[in-house]
Amino acid sequence: MTIFSKENEWTAYQTKRIKNGWPEFFRTNILPNVDEDSYKVLYSDKKSRPNTPVNIMVCLEIIKTLLGVSDDEMVDQVLFNQKIQYSIGTLDMEEQPISKNVMSNFRVRIYNYEAKTGINLLDNTLKMLNSKIIKMSSIGQGTKRIDSMMVSDSCKSMSRMELIYKINERFIEKLYELGEKIPGYFKCYLDEDNSVEVLYKTREFETGGKIKMLLNDSIKLHTKYKHNKRVNETKEFKQLERLIDEQYDKDKKGPKDGHDIKPSSLQTPYDEDSTYRYKYKANKGYVGNIVEAVDTEKNLRLIDRWDVDKNTKSDKEFMKDYLKTKEGNTTEEVVIVDAAYFSKELNQEAKKVKVKLHPTDLTGKNDKDKITNLSEFEIKELENDNNLSKIYDVVDKCENGCNPVESYFNVNTERIHAKFNKDICNNCPHKKECVVKSLINVNKLNVNIEEVEYQKTRKEMLTTKYKEISKIRAGIEGIPSLMRNVYNIDKRTTKGLVYLKMKFGASMLSININRMVKYQKSNPIIA
């Protein structure tokens with residue numbers, strides 16, 4: 001700061017407001033930590049007009065989300081708001097480095113680069129900045145909670161008939177735009193009133209026939225123009241081709257049955273990445289996954305990582321991805337999850353990377369009457385490093401402390417077998433409730449390994465300590481509400497997965513910035 005800086009014009013109260021708020025945190029911890037070198041690939045190395053500094057562009061994307069404003073409003077904020085200028089380090093510039101289209105052009109460059117390489121530079125930067133915030137906070141990494149949220153594609157929901165009509169209509173309009181000769185039969189698609197007649201004046205029993213008619217129109221259009229190079233390279237033709245592939249049954253020579261159409265099929269012509277999933281209700285769009293670190297001693301919680309994908313990706317797949325990031329982990333970690341993230345396989349993978357999955361519930365049986373004494377059996381941890389078909393001596397003792405005559409784990413069937421002495425079993429005080437079955441010569445345990453894990457976990461879930469830890473997970477469910485009501489994640493003007501990654505990541509980082517600013521006010525030692 002120089003003696004001519006505009007900061008010197010601020011009152012003591014104004015300075016205090018800036019220094020204790022997010023602009024100071026932003027200027028100190030976000031602006032200087034943006035890796036500008038990674039964005040070189042977006043710009044020409046030839047001599048040309050200089051671009052707006054990349055660190056400022058990244059910061060503007062985050063601040064825009066933080067404030068909940070549009071691009072135009074963000075331009076005005078940079079031009080006239082000294083708080084914004086201070087946060088991006090342009091307070092004393094004679095002219096602010098921003099113009100009308102600079103932000104949208106920056107996003108388009110990122111979009112095109114990801115389309116070509118699969119790398120989202122802004123998403124990577126946001127995650128890198130978040131990791132620096134996590135490191136700076138020194139938040140404990142021992143307890144985490146995880147949750148997912150459905151994210152709308154921000155497009156009007158379309159019926160099957162409406163989707164087919166709209167694809168045909170957009171293709172005909174493209175032909176008209178290209179100056180192609182349109183057959184008379186298809187000119188009705190250019191009439192705005194035609195959609196009302198076809199779509200909104202259709203009685204329920206007519207729907208099937210009209211879907212077949214519209215799909216036949218799609219096939220005729222595709223057949224007529226598929227060899228026209230001027231046409232078949234267009235986005236509209238490719239959507240038409242995809243529609244036929246996903247909706248038309250070549251064997252039946254008609255529309256596919258509804259249950260034969262994949263969830264990954266085209267949902268709307270305005271967002272080709274959007275997919276369908278039924279979770280609590282019909283959802284068209286995407287799914288966001290959030291992992292939050294919780295430090296009860298510091299009374300601090302921060303979003304540790306996030307991911308966004310098509311909504312056909314399951315919670316278990318997200319958990320697999322998370323566990324991969326923990327390879328080489330040296331410290332133990334408890335991750336509190338709901339039933340959708342938990343399975344025998346995932347639990348075994350988690351143990352390998354020192355992660356303890358803590359489910360708040362389990363799928364399947366859950367009432368206390370279903371808990372058997374199987375959880376009281378002493379059964380060894382099973383490892384098969386020698387590719388054996390059977391692993392022997394896996395059961396040490398039953399609930400009564402008796403050793404089996406023989407026990408082994410069948411690797412192929414994933415079942416545990418154990419034989420017990422009938423005379424001992426007949427005098428056992430746990431005979432009535434025991435899972436060991438009485439046979440002619442011996443009493444035998446024959447159980448799936450998954451049932452063993454289930455019973456042990458179910459028993460542990462009844463303990464007071466387990467219930468106290470489970471309560472921690474409830475807090476993460478406030479984030480989806482925050483994302484919808486504060487950051488308007490379901491009301492985006494830009495469509496597609498690439499743009500959603502930018503918006504979702506900027507929202508996650510904004511939440512952490514607000515939390516850190518609040519935390520620093522009561523813990524100034526880390527400021």
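Above this text you will find the structure in question.
Attention here is on the structure that accompanies the text. Note that this is a predicted model, so its numbers are computed, not measured.

What counts, and at which threshold
- Numbering of residues starts from 1 in every chain and runs along the sequence as written.
- This being a predicted model, a pLDDT of at least 70 is required before a residue's local features are given, and a value of 80 or more before pairs of side-chain atoms are given or counted; all residues contribute to the totals for chains, interfaces and linings.
- Processing note: side-chain calculations cover all non-hydrogen atoms of the structure and skip hydrogens and water entirely.
- Secondary structure counts use DSSP, requiring at least four H or I residues in a row for a helix and at least two E residues in a row for a strand, with both numbered from the N terminus.
- Computation of the radius of gyration draws on C-alpha atoms, with the globule rule given as 2.2 Å multiplied by the number of residues to the power 0.38.
- Relative accessible area decides the class of each residue, using a 1.4 Å probe on protein chains only: under 20% of the type maximum gives buried, over 50% gives exposed, and in between gives partly exposed.
- Only the protein chains shown count as cover for residues, and all accessible areas are computed by the Shrake-Rupley method using a 1.4 Å probe.
- The positive count covers Lys and Arg only, the negative count covers Asp and Glu only, and His and the chain ends enter neither.
- Working definition for charges: the position is that of NZ of Lys, CZ of Arg, CG of Asp or CD of Glu.
- Only Phe, Tyr and Trp rings are paired, with Trp represented by its six-membered ring, and only when their centres lie within 6.5 Å; those with planes under 30 degrees apart are stacked, over 60 edge-to-face, the remainder tilted.
- Only when the NZ of Lys or the CZ of Arg is both within 6 Å of the ring centre and within 35 degrees of the ring normal is a charge said to sit over the ring.
- Here a helix's expected span is defined as the number of its residues, less one, multiplied by 1.5 Å.
- When a carboxyl oxygen of Asp or Glu is within 4 Å of a side-chain nitrogen of Lys or Arg, the pair counts as a salt bridge.
- In the analysis that follows, any N or O atom pair within 3.5 Å is treated as a polar contact, provided that within protein one partner can donate a hydrogen and the other can accept it, and provided that, for residues neighboring in sequence, both atoms belong to side chains.
- Whether two residues touch is decided by their heavy atoms; if any such pair falls within 4.5 Å, the residues are in contact.

**A few points about the overall build of the protein chain**
Argument step 1. What the protein chain contains, in helices and strands, is 19 helices and 15 strands.
Argument step 2. Relative to a compact globule of 527 residues, whose C-alpha radius of gyration would be 24 Å, the protein chain shows 30 Å and is clearly more extended.
Argument step 3. For the protein chain, the spread of C-alpha atoms along the principal axes amounts to about 90 × 75 × 45 Å.
Argument step 4. Put simply, the protein chain has 527 residues, and 46% of those count as buried.
Argument step 5. When the accessible surface of the protein chain is totalled, it reaches about 28,900 Å², and 48% of it is carbon and sulfur.
Argument step 6. Across the protein chain, the 91 positively charged side chains and the 80 negatively charged ones have centroids separated by 1 Å.

**Topic: the packing of aromatic side chains**
Argument step 1. According to the stated counting rule, one finds ten aromatic pairs in the structure shown.
Argument step 2. Centre to centre, the rings of Y165 and Y189 are 5.1 Å apart; their planes meet at 35 degrees, and the pair counts as tilted. Residue Y165 is located in helix α8 (residues 160-178), and its partner Y189 is located in the loop between α8 and α9 (192-200); the two are separated by 24 residues in the primary sequence. As far as burial versus exposure is concerned, Y165 and Y189 are alike and both buried.
Argument step 3. Ring centres of F171 and F237 lie 5.9 Å apart, and the angle between their planes is 50 degrees; on these two criteria the pair is classed as tilted. Of this pair, F171 sits in helix α8 while F237 sits in helix α12 (residues 235-247); the two residues are 66 residues apart in sequence, bridging distant segments of the chain.
Argument step 4. Put simply, the rings of F171, Y225 and F237 touch in pairs and so form one group of aromatic residues.
Argument step 5. Stacked on the ring of Y86, the Lys or Arg R27 has its end atom at 4.4 Å from the ring centre.
Argument step 6. Here K220 stacks its cationic end above the ring of Y185, 5.2 Å away from the centre of that ring.

**What to know about helix α3 (residues 54-67)**
Argument step 1. Taking 1.5 Å of rise per residue, 14 residues should cover 20 Å, and α3 covers 20 Å from first to last C-alpha, within 8% of that figure.
Argument step 2. Counting buried residues in α3 gives 13 out of 14 residues, a clear majority hidden from the surface.
Argument step 3. One or two steps after α3, the chain reaches G68, where phi turns positive at roughly 70 degrees.

**Focus on the pattern of salt bridges**
Opposite charge on two side chains makes pairing possible when the charged atoms of those side chains draw close.
Argument step 1. Applying the stated criterion across every chain, the model contains 36 salt bridges.
Argument step 2. The network of salt bridges with common partners includes E61, K64, D71 and R107.

**Considerations on the side chain of T275**
Argument step 1. The residue T275 is located in strand β4 (residues 275-279) in this model.
Argument step 2. Given a relative accessible area of 1%, T275 falls into the buried group.
Argument step 3. Within the local environment of T275, its side chain forms a polar contact with the side chain of N311, the two groups lying 2.7 Å apart.
Argument step 4. If sequence neighbours within four positions are ignored, T275 has contacts with P263, S264, Q267, N283, K284, G285, K310, N311 and T312.

**Thoughts on the side chain of N194**
Argument step 1. Along the polypeptide, N194 turns up in helix α9.
Argument step 2. For N194, a relative accessible area of 17% puts it in the buried group.
Argument step 3. A polar side-chain atom of N194 sits 2.9 Å from a polar atom in the side chain of Y165.

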